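# Residue-level structure breakdown
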Amino acid sequence: QVQLVESGGGLVQPGGSLRLSCAASGSIFAGNTMGWYRQAPGKQRELVATITWSANPNYSDSVKGRFTISRDNAKKTMYLQMNSLKPEDTAVYFCYYKALSHSEYWGQGTQVTVSS
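Residues numbered from 1 in each chain as written. Predicted model: local features only at pLDDT ≥ 70, side-chain atom pairs only at ≥ 80, totals over all residues. Heavy atoms only, no water.

## Some thoughts on the nonpolar core
Going by this rule: We call a set of buried residues a nonpolar core when its members are Ala, Val, Leu, Ile, Met, Phe, Trp, Tyr or Cys and they connect through side-chain atoms within 4.5 Å of each other. Throughout, exposure labels follow a simple rule: accessible area from a 1.4 Å probe, protein chains only, divided by the maximum for the residue type, with under 20% read as buried, over 50% as exposed, and the rest as partly exposed. Strands are runs of DSSP state E lasting at least two residues, helices are runs of H or I lasting at least four, and both sets are numbered from the N terminus onward. Working rule for contacts: check all heavy atoms of both residues, and any pair within 4.5 Å makes them a contact.
Among the nonpolar cores identified, the biggest contains 30 residues, and Leu4, Met34, Trp36, Leu80, Met82 and Tyr93 are the most heavily contacted of them. Of all the secondary structure elements, the ones that give two or more residues to this core are strand 1 (2–7), strand 3 (18–26), strand 4 (33–39), strand 5 (46–51), strand 7 (67–72), strand 8 (77–82), strand 9 (91–98) and strand 11 (110–114). Residues in contact with leucine 80, not counting those within four places in the same chain, are Leu18, Arg19, Leu20, Trp36, Val48, Phe67, Thr68, Ile69 and Tyr93.

Here is the structure:
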């Protein structure tokens with residue numbers, strides 16, 4: 001089992017920045033992929049970014065150039081630096097973990113609200 005705990009969400013003005021963290025615990029093994037997804041009210045959950053064990057990132061077009069995903073394998077923690085935030089980035093952000101065995105785990109989510 002893997003437990004994921006997100007932190008760092010909150011209220012920010014348009015153009016502002018936030019940094020999300022996802023701390024993983026439990027049966028963490030090398031080779032996993034982690035990522036961030038988000039879900040806005042009335043919409044389906046969508047990919048934000050993923051990062052492989054070797055730190056190769058992948059971004060959705062909507063956040064490319066504004067968000068940066070990173071990870072610290074020694075700390076079992078993943079980050080999402082979000083810059084130039086827009087109102088349309090408002091959503092609950094979920095941490096995602098996929099093991100080499102293809103087992104998948106999700107965090108509880110953290111709310112990000114971009115509003116003036």
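## A look at the packing of aromatic side chains
Any aromatic ring pair is given by two values, namely how distant the centres are and how the planes are angled relative to each other. Stated precisely, the cut-off is as follows: Only rings of Phe, Tyr and Trp enter the pairing, Trp through its six-membered ring, and a pair is recorded when the two centres are within 6.5 Å. The plane angle decides the type: under 30 degrees is stacked, over 60 is edge-to-face, the rest tilted.
Tallied over the full model, the rule gives 4 aromatic pairs. On the numbers, 5.1 Å between centres and 70° between planes, the contact of tyrosine 37 with tryptophan 106 is edge-to-face. Linking tyrosine 37 in strand 4 with tryptophan 106 in strand 10 (residues 104–106), this pair joins segments that are 69 residues apart in sequence. Looking at tryptophan 106, the relative accessible area reads 34%, which means it is partly exposed.

## Examining unusual backbone geometry
In this structure, alanine 55 is a non-glycine residue whose phi angle is positive, near 75°. Positionally, alanine 55 belongs in the loop between strand 5 and strand 6 (57–59). Exposure remark for alanine 55: the relative accessible area of 40% places this residue in the partly exposed category. For serine 84, which is not glycine, the phi dihedral falls at a positive 50°. Mapped onto the fold, serine 84 is located in the loop between strand 8 and strand 9.

## Looking at the pairing of strand 4
For a regular strand, the rule is simple: side chains alternate between the two faces of the sheet. For the record, the criterion: Pairs of strands are assigned from DSSP output, requiring at least two bridges between the strands.
Among the 7 residues of strand 4, 5 are classified as buried, and the element is accordingly described as predominantly covered. Where strand 4 lies against strand 9, 7 bridges are found, and the strand directions are antiparallel. Across the sheet, threonine 33 pairs through a bridge with lysine 98, a residue of strand 9. For strand 4 and strand 5, the ladder comprises 5 bridges, and the chain directions are antiparallel. Directly across from glycine 35, in strand 5, lies its bridge partner threonine 50. Linking two consecutive strands that pair antiparallel, namely strand 4 and strand 5, is a turn of 6 residues; a positive phi of about 75° is found at glycine 42 within it.

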